[in-house]
Amino acid sequence: MPDTNITEDHRRAFEALTSGRFDNFCLVSCFADGEPTAAIAAVNLRPPAQDGDEPEVLIRPLFIWPTAAMTLTDHEGREA
């Protein structure tokens, strides 16, 4: 088993969030597996496909708040 589940994508997202260099983050009300929760998300605009089209808003969840149904454990199986 690996010593960490943290990927380079996780590290980059965390660095972007904490660095203060970006201002495109928001708190989003959402659901995880049908359970109500919230997520920290990056919000970006995809350029319009054709002139006159509205840009598409892309919301990418980065980190979600654990729900009551989630069980978080460390690598040894101990509840966090």
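The structure under discussion appears in the preceding block.
Because the structure is predicted, anything quoted here is derived from the model rather than measured.

### A look at the sheet that holds strand β3 (residues 56-64)
Adjacent strands of a sheet pair through backbone hydrogen bonds, lying either parallel or antiparallel. The sheet built from three strands is open, its strands ordered β1-β2-β3 with antiparallel pairing. The outermost strands of the open sheet, each flanked by one partner alone, are β1 (25-32) and β3. Going from strand to strand, the sheet's axes swing by 45 degrees on average, the running direction of each strand aside. The pairing of β1 with strand β2 (residues 35-46) spans eight bridges and is antiparallel. Bridge assignment links serine 29 to a residue of β2, and that residue is alanine 38.

### Topic: the side chain of threonine 37
Relative to the assigned elements, threonine 37 resides in strand β2. In this structure threonine 37 comes out as buried when scored by relative accessible area, which is 12%. Of note is the side chain of threonine 37, whose polar atom sits 2.6 Å from the backbone oxygen of tryptophan 65.

### Side note on unusual backbone geometry
Located in the positive-phi region is aspartate 33, a residue other than glycine, with phi close to 55 degrees. Tracing the backbone through its elements, the reader meets aspartate 33 in the loop between β1 and β2. Aspartate 33 sits in the exposed class, given a relative accessible area of 82%.

### Thoughts on the environment of isoleucine 64
Structurally, the position occupied by isoleucine 64 is in strand β3. Sequence separation between isoleucine 64 and threonine 37 is 27 residues; the distance between their C-alpha atoms is 7.3 Å. Excluding its chain neighbours within four sequence positions, the residues that come into contact with isoleucine 64 are Ala32, Ala38, Ala39 and Met70.

### Re the environment of threonine 67
Here threonine 67 is to be found in the segment after β3. Along the primary structure threonine 67 and glycine 34 are separated by 33 residues, whereas in three dimensions their C-alpha atoms are 9.9 Å apart. Every residue in contact with threonine 67, bar those within four places of it in the chain, is listed here: Ala32, Glu35, Pro36 and Thr37.

Parameters and conventions
Residues numbered from 1 in each chain as written. Predicted model: local features only at pLDDT ≥ 70, side-chain atom pairs only at ≥ 80, totals over all residues. Heavy atoms only, no water. Pairing = 2+ DSSP bridges. Helix = DSSP H or I, 4+ residues; strand = E, 2+ residues; numbered from the N terminus. Axes fitted to C-alpha atoms, helices over the stretch in contact; angles between N-to-C directions. Buried < 20%, exposed > 50% of the residue type's maximum accessible area, 1.4 Å probe, protein only. Polar contact = N/O pair within 3.5 Å; in protein donor to acceptor, adjacent residues only side chain to side chain. Contact = heavy atoms within 4.5 Å.

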